Every structure is written in structure tokens, then in C-alpha cells.
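Notes for the structure review
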Amino acid sequence: MANVRTGVARVAETVLTERGAVRPVDILVGLGWIASPTTERRIQVDGAKIVEVAEALRHWAIERGLEERDGDYGDVTFTSDGDPNVERAYRTHWAPAGHVEPEKPRPRPKKLTVLAADHAWECALCGEDGDFFLEGKSGGVCLDCADLGHLEFLPSGDAALTGRARKASRLSAVVVMWNLRRNRYERQGILAEPAAIEQAARECLSDADVRARRRARDTTRRAVEDQRFQGEFAAAIREQFPGCPPERAEAIALHAAARGSGRAGRSATARKLDRDAVRLAVAASVRHVDTDFDDLLMAGIDREAARAKVFDQVESVLSAWRAGAAALDA
Ligand SMILES: [Zn+2]
């Protein structure tokens, strides 16, 4: 016993200096009885020896004036038979009064599902919006508030790439979107750590032209983002201008998406979708399509003058669309 006590005290002093607290597993590592404190579920050390070490540690710790703590190991059990004495021995930590154990990362559900936004929404926690949200108890929650803001969207389409990215990413989520017509959720892709996506891409591309394939991948990603932005933009037009013919709304939205979509980031996307931006885009379309503004420009009339000339015409189409009536003969 004396030998064990001496060994335990020696290791415990070192551990206390390094960690600020002492766990029985640290002692076992220090004594060379196990290889690492990040144990697998079971540690192959004789239960009686663990209790002996724990007793020696208790003796040392009380002499040092340390406090007893119950270590939080979740559902992990240390012994195959769950012997309560041995389990307690493992779980008892020692620390000086006031010592705060470093916080462990919160456990997460195994399969996270994130929804791709297909309508205007607002985060229940911060009021921001975004391309994706999580269904919370009191409404949608943005990726930042859900601690997923660091993840990147990888659209479906390349099963190997998706599989590898998921495997390489410590945290990933499945992205789904509600399909109104089919009345079901449909998978859009995944969210994964950017580095994991890169790594997966490298693995997939190892024997191909890396640059060309990556370009293709980026194009796909952009296409999906553009498509989503286009949908959002068209919806925003219909909301503000119910009388705008759907095909016109689609065309305006397509143009807006082609000019740059959500790629620029969340707040930029929100800005592009606000009422003013939508109104300006629709007004521009009306000016070009429903008035002779373009002809005036071609005739050499300067832009401001041409705008002034067609102003009333544009406004009357806009107010008709705002009121819900399609302007049939603008
Ligand atoms: Zn939020």
C-alpha cells in the first residue's frame, strides 16, 4: 500500500499542476496502467486495483485540502460489470476549492436536419434570416444561433463527395426542403465543415483534373444557390406586387439571381431581398419592357431625362401590380 500511495502522490502532484484537478484515470495513465485518459468504454484494469488507487488518491487529496467532485462522464461506464464501488472510484475527481472543470462540448443529436428556407422567415432567437434554419420549439433558428454557422452547404448530386465530406466532418447536417407539390421533404444536400468538403473533394479528385472538377463543383453549388435566391426573389416580388404576371416575376428574379445571389453572404442576401431592392428591380424591368425607355436611350437621350420621361408610366404599372391587377396595356 505504501508503494501505491507514493506512486499515486507523485503522479497526482504532476497532474494537479498540469490540469488543476486530478482524475483517477490520470493516475492510471501516470502509473502506466492504461495508455490514455480518453478511454474507450471499458478500461482493462482490475477493479480491486482501481479501488486501491482511488483510496490512495483520496488520502493524498484530503491531505492536500482538495475537494471531492463527481466527474461527469455521461452514460459511459468504466467496468464491464458496473461494480458501483469501482465506478464511483473512477468518477471521483479531486480539485482545489473554486476550481472550475473545463466545459465539455454539448452532446448533439446524431442526425441533424436543417431546412432550406423556401419562404421569408426570421430567427426566433436573433431575428436574422438566412438560407437555412433549424426547427426549434418556438420557431426557426438560424445556423449561427444553432452553432452551425461555420458549416458550408454541399448540394446533393455527387454521392461519393457527400459521403466523404460527411465522414471527414466532425459535425454535419442533412439539408431538406419542403416540396409543396409532392407534399414531402426532399434532400437538398448537407452542411459540413469547409475543410471536410475540401478534403472530400481532394479525395474524389485525386486522379482527375483537380481544377476542372472543382470549377464544376463550384458552378453546381452556385447554380443551386442562384436557384434558391431566384425563388426567394420571385416570392418577394409576388408579395409586394400581387398583380405582376408570374412569368414576369420569374424573369425579373432570374435576372436578379444572375447579377449575384446569396453568395455574398447572409446579410447581403437579406439586403437584396428587402422591399426597396425588390421594388427597384421590378421598376427597372417595367422601364425596360413596358415603356420606350430603351428606345429613348438608343435615340441618344440621356438616362436621367429618359427616366423622367417614362416615370409616370412606370409608376402606374407598379401601382396596378401593387393593387393586384396586371397591367394589360401599359
Ligand atoms: Zn439567429
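Here is what the cut-offs are and how they apply
- Think of each chain on its own: its residues are numbered from 1, step by step along the sequence as written.
- Since the coordinates come from a predicted model, pLDDT governs what is reported: local features require at least 70, and pairs of side-chain atoms require 80 or more to be given and counted, while whole-chain, interface and lining totals use all residues.
- We count a stretch as a helix when DSSP gives it H or I for four or more residues in a row; a strand needs E for two or more, and each element gets its number in order from the N terminus.
- With C-beta atoms placed from the backbone, a contact is any residue pair whose C-beta atoms sit within 7 Å.
- Here, axes are lines fitted to C-alpha atoms. For helices the fit covers the stretch in contact, and angles between N-to-C directions go from 0 to 180 degrees.
- Here a crossing is called left-handed whenever its near helix is offset anticlockwise from the far helix by less than a right angle, and right-handed whenever the offset is clockwise.
- Think of it this way: DSSP has to see at least two bridges between two strands before they count as a pair.
- Angle categories are assigned with fixed cut-offs, so that under 35 degrees is roughly parallel, over 145 is roughly antiparallel, 65 to 115 is roughly perpendicular, and the rest are oblique.
- Here the term charged refers only to Asp, Glu, Lys and Arg, the term nonpolar to Ala, Val, Leu, Ile, Met, Phe, Trp, Tyr, Cys and Pro, and the term polar to all other amino acids, Gly among them.
- How far a helix is expected to stretch is found by multiplying one less than its residue total by 1.5 Å.
- At any given residue, the bend is defined as the angle formed between two axes, one fitted to the seven residues that end at that position and one fitted to the seven that begin there.
- Within a predicted model, pLDDT stands for the predictor's per-residue confidence, ranging from 0 to 100.
- A set of buried Ala, Val, Leu, Ile, Met, Phe, Trp, Tyr and Cys residues, joined to one another through C-beta atoms within 7 Å, is what we call a nonpolar core.
- Counting other C-beta atoms within 10 Å of a residue's own tells you its class, since 20 or more makes it buried, 12 or fewer makes it exposed, and anything in between is partly exposed; those C-beta atoms are placed from the backbone.

Moving on: the overall build of the chain. If you tally the helices and strands in the chain, you get twelve helices and eight strands. Look at the contacts in the chain between residues 6 or more apart in sequence, and 57% of them connect residues 24 or more apart.

We now examine the packing of helix α10 (residues 275-290) against helix α12 (residues 303-323). Between α10 and α12, the shortest axis-to-axis distance is 9 Å and the interhelical angle comes to 115 degrees. Here α10 runs over α12; the crossing is right-handed. Within the contact between the two elements, α10 uses Val282, Ala283, Val286, Arg287 and Asp290 and α12 uses Val310, Val314, Val317 and Leu318.

We now examine the sheet that holds strand β5 (residues 139-142). Overall, mixed pairing links the six strands, which are arranged β5-β4-β3-β7-β8-β6 in an open sheet. Only two strands of the sheet have a single neighbouring strand rather than two, namely β5 and β6 (152-155). With strand direction ignored, the average angle separating the axes of adjacent strands in the sheet is 45 degrees. In the packing of helix α5 (residues 159-168) onto the sheet, contacts are made with β6 and β8 (184-192), and the angle to β8 comes to roughly 60 degrees.

Moving on, we come to the packing of helix α3 (residues 47-63) against helix α4 (residues 84-91). Where α3 meets α4, the closest approach of the two axes is 9 Å, and the angle between their N-to-C directions is 45 degrees. Regarding the angle of α3 to α4, the classification is oblique. When you trace α3 past α4, the crossing you get is left-handed. In contact with Gly47, Ile50, Val51 and Ala54 of α3, α4 contributes Asn85, Val86, Ala89 and Tyr90. Across the contact of α3 with α4, the residue classes break down as six nonpolar, two polar and no charged.

Given 3.6 residues per turn, any residue in an α-helix points the same way as the ones three and four places further on. Here α12 is 21 residues long and its end C-alpha atoms lie 28 Å apart, about the 30 Å a rise of 1.5 Å per residue gives. At Val310, α12 shows its maximal bend, which comes to roughly 50 degrees. Along its buried surface, α12 packs onto α10 and α11 (293-298). Just past α12, the residue Gly324 takes up positive phi, approximately 105 degrees.

Moving on, we come to the confidence of the model for the chain. Close inspection of predicted coordinates is inappropriate for parts of the model with low pLDDT. Confidence along the chain averages 80 in pLDDT terms, with 83% of residues attaining 70 or more. A low-confidence stretch, residues 261-266 stays under pLDDT 50, and its non-local contacts, those more than four residues away or across chains, total 13 contacts.

Compared with an ideal rise of 1.5 Å per residue, which puts 17 residues at 24 Å, α3 spans 24 Å between its outermost C-alpha atoms and is within 8% of the ideal. The positive-phi residue at the C-terminal boundary of α3 is Gly65, with phi of around 75 degrees.

What follows concerns the pairing of β8. Relative to β8, β6 runs antiparallel, the two being bridged by four bridges. Within β8, the residue paired with Leu154 across the bridge is Ile190. Examined bridge by bridge, strand β7 (residues 173-179) and β8 share seven bridges and lie antiparallel to one another. The residue of β8 that forms the bridge with Met177 is Glu186. Hairpin connection of β7 to β8: four residues between the antiparallel strands, including Asn183 at a positive phi of 60 degrees.

One finds Ala165, Val175, Leu191 and Ala192 to be the most contacted residues of the largest nonpolar core, which totals 26 residues. Those elements that place two or more of their residues in this core are β3 (112-116), β4 (132-136), β5, β6, α5, β7, β8 and α6 (194-204). Ranked by the residues each element gives to this core, the list is headed by α6, at five residues. In contact with Ala165, not counting residues within four places along its chain, are Leu154, Ile190, Ala192, Ala196, Ile197 and Ala200. Residues Val8, Ala21, Ala61 and Phe78 belong to the second largest nonpolar core, which totals 23 residues.

Let us now look at unusual backbone geometry. Residue Asp147 is not a glycine yet carries a positive backbone phi of 60 degrees. For Asp147, the position within the fold is in the loop between β5 and β6. C-beta crowding within 10 Å serves as the criterion here: with 14 such atoms nearby, Asp147 is assigned to the partly exposed category. Phi angles above zero are rare outside glycine, and Asn183 is one such case at about 60 degrees. Mapped onto the elements, Asn183 comes out in the loop between β7 and β8.

Along the chain, Val51 falls in helix α3. Its 17 C-beta neighbours within 10 Å are what place Val51 among the partly exposed residues. Those residues in contact with Val51 that sit more than four places away from it in its chain are Asn85, Val86 and Ala89.

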